[in-house]
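# Commentary on secondary and tertiary structure
Given next are the chains, with one letter for each unit.
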Amino acid sequence: MSKIIKYVIADILRNRIVIIYTLFLLASSLTVFSLEDNNSKGLLSLLNIILIVVPLVSIIFSTIYVYNSAEFIELLVSQPLKRKSIWLSIFTGLAASLSLAFLIGAGLPILIYQPSTIGITMLLSGIILSVIFVAIALLATVRTRDKAKGIGVAIMLWLYFSLLFDGFVLFLLFQFSDYPLEKAMIGISALNPIDLARILILLQLDVSAMMGYTGAVFKDFFGTCPGLLFSCVILLLWVGLPLWTSTRKFKSKDL
Amino acid sequence: MVLPAVASTLHVGAKRIHRTIQSGINAAKDGDTVAVDPGHYRERNLTVNKRIVLYGIGYPVLDGQNKYEIISVFTGGVTIAGFKLTHSGRSSLEDLSGIKVYNSNGVTIKNNILEDTFFGIYIQNGSKCIIINNRLKGTAVEEQQSGNGIHCWKSDNLTISGNTVSGHRDGIYFEFVQHAQIRKNVVSKNLRYGLHFMFSNDDTYAQNVFQNNGSGVSVMYSKRIKMISNRFEENWGDAAYGILLKEISDGTMEGNYFTKNTSAIYMEGANRITMKRNTFKDNGWALKIQASCMDVVLERNNFIGNTFDVGTNGSLVLNTFKNNYWDKYEGYDLNKDMIGDIPFRPVSMYSMIVEKFPAAMILFRTFITTLLDKTEKILPSLTPENLKDNEPLMRKAF
């Protein structure tokens, strides 16, 4: 299994797209930090990169990679290897290399310019989001045979998580504004890993505004140990569930 | 011919003629000095009714045994210095205090330490009193069962400076106090307001630090207040404001520094206030200005790193924003005069939404809300159209 992981990682790291992705992250995070005279504005721009670009690149790249390695996977399957370990190796390879790209591209500037709790939270959120969207991408690919359709599904999923879901929540908020929604919002935010990551960062970044009444409800929840544990568990579930489903599907898939 | 009385010094201590402070005071004449040796004095209630200087050597402890008011001053020209007052009695009916001044002028209270007193220093109908360099530390747990640090009622020409006040209900409380100077005090961690004043006109607040108080600072129903170079820090909570201005008119706020407050300034019914050269940094809302405010002028302030710069509740705008620096400004300056060519609208659409639906805060900084904000910037519909800075600065004002 480790041999396959090694091969996958080596293959991906040689890939031009990942190098460009790393350089893009590096360039943009260095610019946002050095152009803005106050670091908090830099962090805001970086927040957008983490919440939008990282999931997008992770999901699209992983989808395309899996489709492109269809022959390689077929070859591996013909060997005396467990399907489960093949699939998990591909996942590990993708997740590791995209996390590494993020770590170098955005992590280094963060650690240099903003080695605070906010910075570390951003760094960890970026990494977990990379991993989550690799897992979601694998689920999308294993369920659709056609490459074009698969990529389409991946893009739709990204659009859903980063835009449509929030629009839907906003709509709910307006419709049910007469009801106390604070607690329900916490539950709803668990349905979207991007939201969960964003709230964790927001609690650090806009802490003063979040201390208002409603914010305090979120702060009381997410800012405490059980809340933090809850968010971590949910985020890990967002890795685990899609991965588990896709592995099961891959085991019985007719290649 | 009348010779001036010669002032003498009376010593009080375990080995002196006067073993209790009260007997020292009783023996003293106007103009005398009563010097108190170090020690632990449990006297029921010291009554000062002569114009004397009462001073402690090496901070003698005056213990109120949780029953009594420690020092009561009934005459003018008294100086009380260098004592450590502890454990006053508690009574909301009588407002028992560490030091209470009744209807007297020119009382000086300096360099004392007050610990666990109900009210700390209480000036009741005094004038020209000086409260300087005292350290007050209360043990307030509940608002109803605690007193204020420095409490002044119906007084004028007070000077309050260099004091440290913490752990009381209100740090400094003023009611009907005119022409007072409040300078260089550090007021922190009080249950309710750091500074609370009502019906007090012509007062000056300068170089004070208000930090981490339950609800910040509250200024109500007063006229001609000057607030200069104060710091308002970390007043967190839904009802906590760096400073709350309610029914205030003709005030001046200059050179103040607001940082990390949920709302740095909340204004309601404020008229003719001039705000210049203030810095608002890392606050939730830098300014919540209700539509009931009139002729408030904001000029040359810096707004840096606030989540929301300005929030409001209506579309009526009778206030002026001019030449401020807004870090969120995205305009340009073609003629290079350091003034932006297009106006800046500091009220973002999302701050209006959050005002209406507080729970929407959870969606802050999502792609969709940023999109809504940008749309609103181009075609204002929800945000008040006239609330804008026509001449925003391109660089920090100072």
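Not measured: the values here are computed from a predicted model. (Residues numbered from 1 in each chain as written. Chains lettered and ligands numbered in written order. Predicted model: local features only at pLDDT ≥ 70, side-chain atom pairs only at ≥ 80, totals over all residues.)

## What to know about the overall build of chain A
Each helix and strand in chain A was counted, giving 12 helices and 0 strands. Helices and strands appear in chain A in the N-to-C order α-α-α-α-α-α-α-α-α-α-α-α. Against the globule reference of 18 Å for 255 residues, chain A gives a C-alpha radius of gyration of 19 Å, in line with a compact fold. Burial status across chain A gives 44% buried among its 255 residues. In chain A, the proportion of contacts linking residues at least 24 apart, taken out of those at least 6 apart, comes to 78%. (Helix = DSSP H or I, 4+ residues; strand = E, 2+ residues; numbered from the N terminus. Rg over C-alpha atoms; globule rule 2.2 N^0.38 Å. Buried ≥ 20, exposed ≤ 12 C-beta atoms within 10 Å, placed from the backbone. Contact = placed C-beta atoms within 7 Å.)

## Re the sheet that holds strand E31 (residues 263-268) of chain B
All names here are of chain B. The strand order E4-E7-E10-E13-E16-E19-E22-E25-E28-E31-E34-E37 describes an open sheet built from 12 strands, whose pairing is parallel. Two strands bound the open sheet, and with one partner strand each, they are strand E4 (46-48) and strand E37 (308-311). On average, each strand axis in the sheet is tilted by 10 degrees relative to the strand beside it, whichever way the strands run. Pairing of strand E28 (residues 241-246) with E31, which is carried by 5 bridges, proceeds in the parallel orientation. Bridging from a neighbouring strand, Leu244 pairs with Tyr266 of E31. (Pairing = 2+ DSSP bridges. Axes fitted to C-alpha atoms, helices over the stretch in contact; angles between N-to-C directions.)

## Some words on the packing of helix H3 (residues 39-68) of chain A against helix H6 (residues 117-143) of chain A
Residues and elements named next belong to chain A. Relative orientation of the contacting elements H3 and H6 amounts to 25 degrees, with a least axis distance of 8 Å. Taken together, the axis directions place H3 and H6 in an arrangement best described as roughly parallel. Handedness of the H3/H6 crossing: right-handed. (Parallel < 35°, antiparallel > 145°, perpendicular 65-115°, else oblique. Left-handed = near helix turned anticlockwise from the far one by under 90°.)

## A closer look at the UniProt feature "domain: Periplasmic copper-binding protein NosD beta helix" (unreviewed entry) in chain B
In this structure's numbering, the residues bearing the UniProt feature "domain: Periplasmic copper-binding protein NosD beta helix" (unreviewed entry) are residues 133-331 of chain B. Secondary structure across residues 133-331 of chain B comprises 0% helix and 47% strand; the distance between its end C-alpha atoms is 48 Å. (UniProt positions renumbered as here; feature names shortened; annotations may be inferred.)

## As for helix H2 (residues 349-356) of chain B
If you check which residues of H2 of chain B are buried, you get Tyr350, Ser351, Ile353 and Val354 of chain B. The arc that holds every buried residue of H2 of chain B, seen down its axis, measures 160 degrees, which confines them to one face. (Arc of directions from axis to C-beta.)

## Remarks on unusual backbone geometry
All names here are of chain B. Look at Asn125: it is not a glycine, yet its phi comes out positive at around 55 degrees. By the C-beta count within 10 Å, which is 15 here, Asn125 ends up partly exposed. The backbone phi angle of Arg277 is positive, close to 55 degrees, even though this residue is not glycine. Within the secondary structure layout, Arg277 lies in the loop between strand E32 (274-276) and strand E33 (279-281).

## Structural notes on the UniProt feature "transmembrane region" (unreviewed entry) in chain A
All names here are of chain A. Here the UniProt feature "transmembrane region" (unreviewed entry) sits at residues 12-33, 45-67, 87-112, 118-139, 151-176 and 225-245. With 100% helix and 0% strand, residues 45-67 has end C-alpha atoms that lie 32 Å from one another. Here residues 87-112 is 100% helix and 0% strand, with 36 Å between the C-alpha atoms at its ends.

## A short note on the packing of H6 of chain A against helix H12 (residues 225-251) of chain A
Residue and element names in this part refer to chain A. In the contact formed by H6 and H12, the axes pass within 8 Å of each other and the chain directions differ by 25 degrees. Our classification of the angle between H6 and H12 gives roughly parallel. Crossing geometry of H6 relative to H12 is assigned as left-handed. Contacts between H6 and H12 pair Ile128, Val131, Ile132, Ala135, Ile136, Leu138, Leu139, Val142 and Arg143 from the former with Leu235, Trp238, Val239, Pro242, Leu243, Thr245, Ser246, Lys249 and Phe250 from the latter.

## Observations concerning the interface of chain B and chain A
Between chain B and chain A, the residue contacts involve 27 residues of the former and 32 residues of the latter. In the side of chain B that touches chain A, the residues fall into 14 nonpolar, 8 polar and 5 charged. (Nonpolar A, V, L, I, M, F, W, Y, C, P; charged D, E, K, R; others polar.)

## Remarks on H6 of chain A
Note: α-helices contain 3.6 residues per turn, so residues at a spacing of three or four share the same orientation. With 27 residues, H6 of chain A should reach 39 Å at 1.5 Å per residue; the first-to-last C-alpha distance of 39 Å fits that figure. With respect to burial, H6 of chain A is a largely interior element, 22 of its 27 residues being buried. (Expected span 1.5 Å × (residues − 1).)

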